[in-house]
Amino acid sequence: MSNSLVKRFWINSQDAYTVLWSDLLILRSRSGRYLITTTISPLLYLVAFGWGLGRGMNVNGTSYLQFVVPGIIALTAMTASFNGAGTRLNVDRLYFRSFDECLMAPISLLSLLLGKALIGVVRGLVSSIAFIAASLLLAPGFRVGPLFLMELLLTCLVFSFLGVLAALLARSHQDLATFSSLILLPMTFLGGTFFSLAQVPWGLKLALYALPLTHCSICLRAAALDQPVPWASLLAIIFFLMLFFSWCMVVLKRISV
Amino acid sequence: MILIDGLTREYAGKRVVDGLDLRVEKGELFGFLGPNGAGKTTTIRILTTLTKPTSGNVFINGFDVARDPSSVKSQFGIVQQHMSLNRDLSVRENLDFHARLHHLAPEVRQERIEELLEYVELTEHADQLIDKLSGGLKRRTMIARALLHRPRLLFLDEPTVGLDAQARRRVWDLIRKMNMDGSTVFLTTHYIEEAEALCDRVGIIHHGRLIALGTPLQLRQKLGMITVEMQGCGNGTDYRFFPDREDAARFLSSLPVQDKVIMRESNLEDVFVELTGQKVLDK
């Protein structure tokens, strides 16, 4: 019994890696270009909000620059993971139509889903770590420890599964762009990235707590500034991860035989 | 090899496959002929586990497609109508990906890839990106990919659509070779000459229903082996079918004017037009 479970786990892991492998080949062939393009917008945010608007400002006793960097890391992880998993899958499904090959292969839906989500995680981590490296040079003073990295990984997982979900539900390329404009863009600015939620009215605060990025920003900021772990937000991230993962499985089961 | 029983698929209340019953035997090269939108691709999608049927049963090599899709998935290879290759990868990488998905061991994988590159004459293009290849070379890559895990059954969905005459002939040769090497081939096409040139048996599908089934010869014999085409009759061309040339000649001699009349051998297009009142390429 346990042997068969181990065997199944091993096969599923290998299959998920196979699905990931083809996307890694593409990422490897464009790694230089990817690194440059993916770090430009967070660096612009850092310069514009951290050095420009926020110079001399303090939030809850810390400089605005120190406050905003973890928020920008969270949004970098969000954007890169969502696009890395979602856009790639959208292209595979609707443009190349090579996703059919995965659906017809003798692999489990779990492996397929993990493989497709993991490329988002890889891209999210690569982008975030590149930005963290640049930020440590430009604005040192935040801590990157194991807890921070674990929360960064969770952030990438949440938004990779959200990307996969959006790509599975999309019926055209435009659908994914619409999803990005309606969900991701507002989250970029409202998800606790650039301002403290303590400053917003109660009703809006409640709405902002419904956004996964808010909790990712809160957790990453606490870890970066050596503050106590915000357990409620950490649990909220895990909740969003499970929600998006389960939703992806339901949709995947619906579209495959 | 393939057993289809009462297969139906509806989209928004419209039946695109309507009560299809069919049996394809091991080693056969079976042609599914019909115009665009007749239900060929939907049937193939159901047979290859990509689409759920509304009702009916399908068995591939004894495995139930609806109940045991995992077992069915390792039984077949497919060349889809559209280019379903990853265009950001090379020919070799696409094949490698497929081999990994089908759990081929690393040493077998490399050997099989080289063997198939040679089989479809793509060795010199192996490291080129798919995007840089011509339509014919892409199609040959898809054929190599379909054969990589040595399936006993091959689905070819309009395998020559969009190819020039030379590339089409090369794909035909490959299809014959695969069939002679022991693969059962289920081919959909709307090219009459393709079905006639390749298939042991042909099923004609129209509005989702199988309206004729038999060898190309049987279907032509049923209609009449000789066709007399009379141009300029009424609204267009009128066709008459005869079992042999003598009967056709007797009919011709009874006609008052013969300068716009052609006598020729009947083909599957004639069978299709006679059964449906529509040309295969009309749609």
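These notes cover the structure that comes with them. As the structure is a computational prediction, the values presented were derived from the model and not from experiment.

The next thing to look at is the overall build of chain B. Helix and strand counts for chain B come out as 10 helices and 13 strands. Its C-alpha atoms put chain B at 75 × 45 × 35 Å along the principal axes. Expressed as a percentage of its 283 residues, the buried residues of chain B come to 46%. Across chain B, contacts joining residues at least 24 apart in sequence account for 66% of those joining residues at least 6 apart.

When helices and strands are tallied, chain A shows 10 helices and 2 strands. Moving toward the C terminus, one meets the helices and strands of chain A in the order α-α-β-β-α-α-α-α-α-α-α-α. Whereas a compact globule of 257 residues would reach a radius of gyration of roughly 18 Å, chain A reaches 19 Å, a difference of no more than 12%. In terms of overall dimensions, chain A has C-alpha extents of about 60 × 40 × 35 Å along its principal axes. The 257 residues of chain A split such that 46% are buried. In chain A, of all internal contacts separated by at least 6 residues, the share reaching a separation of at least 24 is 81%.

This part covers the nonpolar core. Core analysis: the biggest nonpolar cluster contains 137 residues, and A:Val158, A:Phe161, A:Val164 and B:Leu187 have the highest contact counts within it. For A:Phe161, the contacting residues outside a window of four places in its chain are A:Ala117, A:Leu241, A:Phe244, A:Phe245 and A:Cys248.

Listed by partner, the interface residues are 25 residues for chain B and 17 residues for chain A. For the side of chain B that touches chain A, the class distribution of residues is 9 nonpolar, 10 polar and 6 charged.

All names here are of chain A. With respect to the helices, strands and loops of the structure, leucine 43 is situated in helix α2 (residues 31-53). Overall, the presence of 17 C-beta atoms within 10 Å leaves leucine 43 in the partly exposed class. Each C-alpha atom, one on leucine 43 and one on leucine 138, is 9.7 Å from the other, the two residues being 95 residues apart in sequence.

Attention now goes to unusual backbone geometry. Residues and elements named next belong to chain B. One non-glycine residue with positive phi stands out, namely threonine 49, at about 70°. Mapped onto the elements of the fold, threonine 49 is located in the loop between α1 (40-47) and β4 (55-60). Look at histidine 103: it is not a glycine, yet its phi comes out positive at around 60°. Within the secondary structure, histidine 103 is located in the loop between α3 (91-101) and α4 (106-119).

What follows is about the pairing of strand β6 (residues 76-79) of chain B. Residues and elements named next belong to chain B. Burial of the side chains of β6 extends over both faces: Phe76 and Ile78 are buried on one face and Gly77 and Val79 on the other. Pairing analysis gives 4 bridges linking β6 to strand β7 (residues 153-157), with the strands arranged parallel. Bridging across to β7, isoleucine 78 finds its partner in phenylalanine 155.

This next bit is on the sheet that holds strand β8 (residues 184-189) of chain B. Residues and elements named next belong to chain B. Strand order in this open sheet of 6 strands is β6-β7-β8-β3-β9-β10, and the pairing throughout is mixed. Across the chains shown, the open sheet's two edge strands, defined by having one partner strand only, are β6 and β10 (209-214). Going from strand to strand, the sheet's axes swing by 15° on average, the running direction of each strand aside. Each of β3 (29-33), β7, β8 and β9 (201-206) touches α1; the most contacted strand, β7, lies at about 150° to it.

Another point: α3(B). Summarising burial for α3(B): 10 of the 11 residues are buried, a large majority. Check the buried side of α3(B) and you find it contacts α1 (2-29) and α4 (99-104) of chain A together with α4 and α5 (135-147) of chain B. Backbone geometry just after α3(B) places B:His103 at a positive phi near 60°.

Criteria and thresholds
Residues numbered from 1 in each chain as written. Chains lettered and ligands numbered in written order. Predicted model: local features only at pLDDT ≥ 70, side-chain atom pairs only at ≥ 80, totals over all residues. Helix = DSSP H or I, 4+ residues; strand = E, 2+ residues; numbered from the N terminus. Buried ≥ 20, exposed ≤ 12 C-beta atoms within 10 Å, placed from the backbone. Contact = placed C-beta atoms within 7 Å. Rg over C-alpha atoms; globule rule 2.2 N^0.38 Å. Core = buried A, V, L, I, M, F, W, Y, C linked by C-beta atoms within 7 Å. Nonpolar A, V, L, I, M, F, W, Y, C, P; charged D, E, K, R; others polar. Pairing = 2+ DSSP bridges. Axes fitted to C-alpha atoms, helices over the stretch in contact; angles between N-to-C directions.

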